Amino acid sequence: MQSHYLAGAVPYPEEFARLYREKGYWIGQNLSDFLQECAEKYPHHIAIYCEDQQISYKTFNLLVSDCAENLYQLGLRSGDKAIVQLPNHHAFYIIFFALIRLGALPVMSLPAHRFSELNSFVEQTQAKAYFCADVGAQKFDYRELARKLKSMHHALEHVFVLGESQEFHAVAALLETPELFQPSQYSASSPEQVAFLQLSGGSTGIPKLIPRTHDDYLYSVRESSKICCLDETSKLLMVLPAAHNFSMSSAGALGIFYSGGAVVLGTDPSPAQAFELIRKHQVTDVCLVPALVRPWMDKAAKDKDDILSSLRCLQVGGARLADVVALRLIDEFQVKLQQVFGMAEGLVNYTRFDMTKEQIVHTQGRKLCIDDEILIVNDEDQPVPQGDVGHLLTRGPYTIRGYYNAPEHNLRSFTTDGFYRTGDLVRLREDGCIVVEGRAKDQINRGGEKIATEEVEQALITHPQVKLVALVAMPDEVLGEKSCAFVLWQSQPDDPSEFRRGLILKQYIQNVGLATYKIPDRIEFLDHFPYTAFGKIDKKSLVKKFEIQQVS
Ligand code: AMP
Ligand code: DBH
């Protein structure tokens, strides 16, 4: 069985796979049959509301089959990889499931990604197809990006554009019923196989891809759907990027499909737009990152609007929710809050609805599965005393054993016995709840969007005037953290002002083609860098330096 496992992915060891099957976590269903089953159970329920359209489960499933057939006729085959970079639109889900149905592997990308990330994904996967929108935020033209990628990668044969497709294939045409329908030539991969590649925020120069199997992913979806108490009357507002792991599976759109409810798609997370959608569709559930909570509360308070209390559940995850904000949500806005601490690599923790207020406010919840193994260790990988803060390591029925095509990196990110090193510093309480206390990985969490500092540093250092650079997190009221680049500038006689230099470097990062959220929020020029005793740039003292500057 394992000989067919996706090359470059690390399979679960056989004894664990057996255990997860015996325990009923892995039920041997692929994502295509999952959707088929949802359509059989709830044919006439609405699965997706998108703009003025509403799509029933039956139609959804038929559109997926049509799309799979059209893609097959255009040359996509089982095992092919396809990068999916689409906005929150029903086409996203149809294409995701269509690729799965024909045995191809979707590679998830976010609308904010730019050339640098996309180029890396195509390189890493040898993707044969790329799905994108026509234009995005700030009039960014994805078709230009597609042209560039296509000219550089021969493997990339097909580009599909949602909207004005110009010389490329139109996504709309994929959703039309094909004239000739011969679905028997293809099938989804088997349940224990890798179904798609999910995205990691990462902590190194190259964005990492996460191979998730049908079996492991669907287990987390079904269990999440139960924990979140979803049912056929649930309506989930989706204003976070649909491809994000939180949006997909915790319980996310897939959790909703499992329970026969509906996903309401929105492209703008601002409270004005979101509240309108909540009212129009009588939304019951919303998932948000902490950075959005404040503007939502402010708007509700200003308008004396009780919309937040009308929800069955407001989920907050992706970054640490401040306890005071959690308390305010509950006390002032009567919100039924659920904290979600998860990762695209696997492990997800939830506060449960029957937990005490203290647990819901002050913890990030309890693991999804009793067989999620959790270790909290010190720098030497030794367990810390119960209740102490340490590094969170985890292994379990839906946590990967390795990143895609990254053997060297995997040696650092996983222990020899397969535990994933999350890079999070946490405390495990007697009651089983986890409290996220900090982070050991070199990553900035900018309102839930993760920035691998090394990736941005590597880009900045290629600028001819930059001699040395370090990217660090700075505290931010709204986003939790923002990025600050400290730069040693190679002086020249006609040097521009520091202000100008900052603008030049921000523009430079944009031109390199890094995702918009990775452009440093602030740039500081230094004459000397502080070093640790080991001779590494001392980021801790840079952070302190920044705090000093902030106060003064
Ligand atoms: P990724 O590995 O890119 O999917 O990002 C997952 C990471 O996001 C986790 O390892 C945490 O660092 C962070 N994260 C997610 N949810 C929370 C949360 N509720 N509180 C604190 N950090 C979180
Ligand atoms: O931040 C994350 O990656 C995340 C947060 C909440 C996640 O992957 C998830 C839930 O599944």
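Here the structure is a predicted model, which is why all the values come from computation and not from measurement. (Residues numbered from 1 in each chain as written. Chains lettered and ligands numbered in written order. Predicted model: local features only at pLDDT ≥ 70, side-chain atom pairs only at ≥ 80, totals over all residues. Heavy atoms only, no water.)

Asker: Break down the site of ligand 1 for me, with residues and values.
Answerer: Not every one of the 18 residues close to ligand 1 is listed here, only the nearest: G201, V340, A344, E345 and D424. One of the backbone N or O atoms of G318 is found 3.0 Å from a nitrogen atom in ligand 1. In the environment of ligand 1, an oxygen atom lies 2.9 Å from a nitrogen or oxygen atom belonging to the side chain of K441. Look at ligand 1: alone it shows 500 Å² of surface, and the protein chains cover 95% of it. Tallying contributions element by element places strand β14 (residues 337-343) first for the shell around ligand 1, with 4 residues. Taken together, the residues that form the shell around ligand 1 break down as 6 nonpolar, 7 polar and 5 charged. (Near = heavy atom within 4 Å. Polar contact = N/O pair within 3.5 Å; in protein donor to acceptor, adjacent residues only side chain to side chain. Areas by Shrake-Rupley, 256 points an atom, 1.4 Å probe, with all protein chains shown as cover. Helix = DSSP H or I, 4+ residues; strand = E, 2+ residues; numbered from the N terminus. Nonpolar A, V, L, I, M, F, W, Y, C, P; charged D, E, K, R; others polar.)

Asker: Requested: an account of the sheet that holds strand β10 (residues 235-238), with residues and values cited.
Answerer: Taken in spatial order, the 9 strands line up as β2-β1-β11-β10-β12-β13-β14-β15-β16 in an open sheet, and their pairing is mixed. The open sheet is flanked by β2 (53-56) and β16 (366-367), the only strands paired with a single partner. Bridging between strand β13 (residues 313-317) and β14 involves 4 bridges; their strand directions are parallel. Bridge pairing in β14 places Q315 opposite Q338. (Pairing = 2+ DSSP bridges.)

Asker: Report on the UniProt feature "domain: AMP-dependent synthetase/ligase" (unreviewed entry) in the protein, specifying residues and quantitative values.
Answerer: The positions that UniProt labels "domain: AMP-dependent synthetase/ligase" (unreviewed entry) are, in the present scheme, residues 36-404. End-to-end, the C-alpha atoms of residues 36-404 are 28 Å apart, and along that stretch the chain is 35% helix and 23% strand. (UniProt positions renumbered as here; feature names shortened; annotations may be inferred.)

Asker: Mind laying out the pattern of salt bridges, listing which residues take part and the relevant values?
Answerer: A side chain of one charge can pair with a side chain of the opposite charge if their charged atoms are brought near each other. Under the defined criterion, the tally for this structure stands at 28 salt bridges. Across the pair K357 and D331 runs a salt bridge, and its minimum N-O distance is 2.7 Å. In this pair, K357 sits in helix α14 (residues 357-362) while D331 sits in helix α13 (residues 323-333), placing the two residues 26 residues apart along the sequence. A salt bridge links K539 to E457, with the nearest nitrogen and oxygen atoms 2.7 Å apart. Residue K539 is located in helix α18 (residues 539-551), and its partner E457 is located in helix α16 (residues 453-461); the two are separated by 82 residues in the primary sequence. This pair shows no difference in class: K539 is buried, exactly as E457 is. Among the charged side chains, a network of salt bridges with common partners joins E117, E455 and K518. (Salt bridge = Lys/Arg side-chain N within 4 Å of Asp/Glu carboxyl O. Buried < 20%, exposed > 50% of the residue type's maximum accessible area, 1.4 Å probe, protein only.)

Asker: Requested: an account of the pairing of strand β3 (residues 81-85), with residues and values cited.
Answerer: Counting buried residues in β3 gives 5 out of 5 residues, a clear majority hidden from the surface. The alternating pattern of β3 places K81, I83 and Q85 and A82 and V84 on opposite faces, both of which are buried. As judged from the 4 bridges shared by β3 and strand β4 (residues 105-108), these two strands associate in the parallel manner. The partner of I83 across the bridge, within β4, is V107.

Asker: I'd love a proper account of unusual backbone geometry, names of residues and values included.
Answerer: Most peptide bonds take the trans form, and the phi angle of most residues other than glycine is negative. In this chain, S250 is followed by A251 through a cis amide linkage whose omega measures -15°. Mapped onto the fold, A251 is located in the loop between α9 (245-249) and α10 (252-259). For K304, which is not glycine, the phi torsion reads 45° and is therefore positive. As for its placement among the helices and strands, K304 is situated in the loop between α12 (290-302) and β13. K304 sits in the exposed class, given a relative accessible area of 77%. Backbone geometry at N405 places phi at a positive 50°, although glycine is not the residue there. Within the element layout of this structure, N405 appears in the loop between β18 (389-395) and α15 (407-413). Relative accessible area serves as the criterion here: at 45%, N405 is assigned to the partly exposed category.

Asker: Go over helix α8 (residues 214-227), please, and point to the residues and values.
Answerer: Between its first and last C-alpha, α8 extends 20 Å over 14 residues, near the 20 Å set by a 1.5 Å rise per residue. Buried residues dominate α8, accounting for 13 of its 14 residues. Within two residues after α8, C229 carries a phi angle of roughly 55°, on the positive side. (Expected span 1.5 Å × (residues − 1).)

Asker: I'd like a description of the site of ligand 2, backed by residues and values.
Answerer: Around ligand 2 sit H244, N245, F246, S250, G318, V340, G342, M343, A344, V348 and K450, and that is every residue in its neighbourhood. With respect to ligand 2, the backbone of M343 contributes an N or O atom lying 3.4 Å from an oxygen atom. The side chain of K450 places a nitrogen or oxygen atom 2.9 Å from an oxygen atom of ligand 2. Isolated, ligand 2 exposes 290 Å² of accessible area, and the fraction of that covered by the protein chains is 94%. Elements represented by at least two residues in the shell around ligand 2 include exactly α9 and β14. Classifying every residue of the shell around ligand 2 gives 5 nonpolar, 5 polar and 1 charged.

Asker: Lay out the UniProt feature "domain: AMP-binding enzyme C-terminal" (unreviewed entry) in the protein with the relevant residues and their values.
Answerer: Sequence positions flagged by UniProt for "domain: AMP-binding enzyme C-terminal" (unreviewed entry) are, in local numbering, residues 455-536. Secondary structure content for residues 455-536 is 27% helix and 30% strand, and the end C-alpha separation is 17 Å.

Asker: For the packing of aromatic side chains, give the residues involved together with the corresponding values.
Answerer: Inspection of the entire model under this criterion finds 27 aromatic pairs. Taking 5.3 Å as the distance between ring centres and 85° as the angle between the ring planes, the aromatic pair formed by F96 and F97 counts as edge-to-face. Of the two residues examined, F96 and F97, each falls in the buried class. Consider the rings of Y403 and F414, whose centres lie 5.9 Å apart with planes at 70°: the pair is edge-to-face. One end of the pair, Y403, is in the loop between β18 and α15; the other, F414, is in the loop between α15 and β19 (420-428), with 11 residues separating them in the sequence. As far as the burial class goes, Y403 and F414 line up, both buried. Among the aromatic side chains, those forming a connected cluster through ring pairs are Y42, Y57, F60, F92, Y93, F96, F97, F196, Y217 and F257. (Phe/Tyr/Trp six-rings, centres within 6.5 Å; stacked < 30°, edge-to-face > 60°.)

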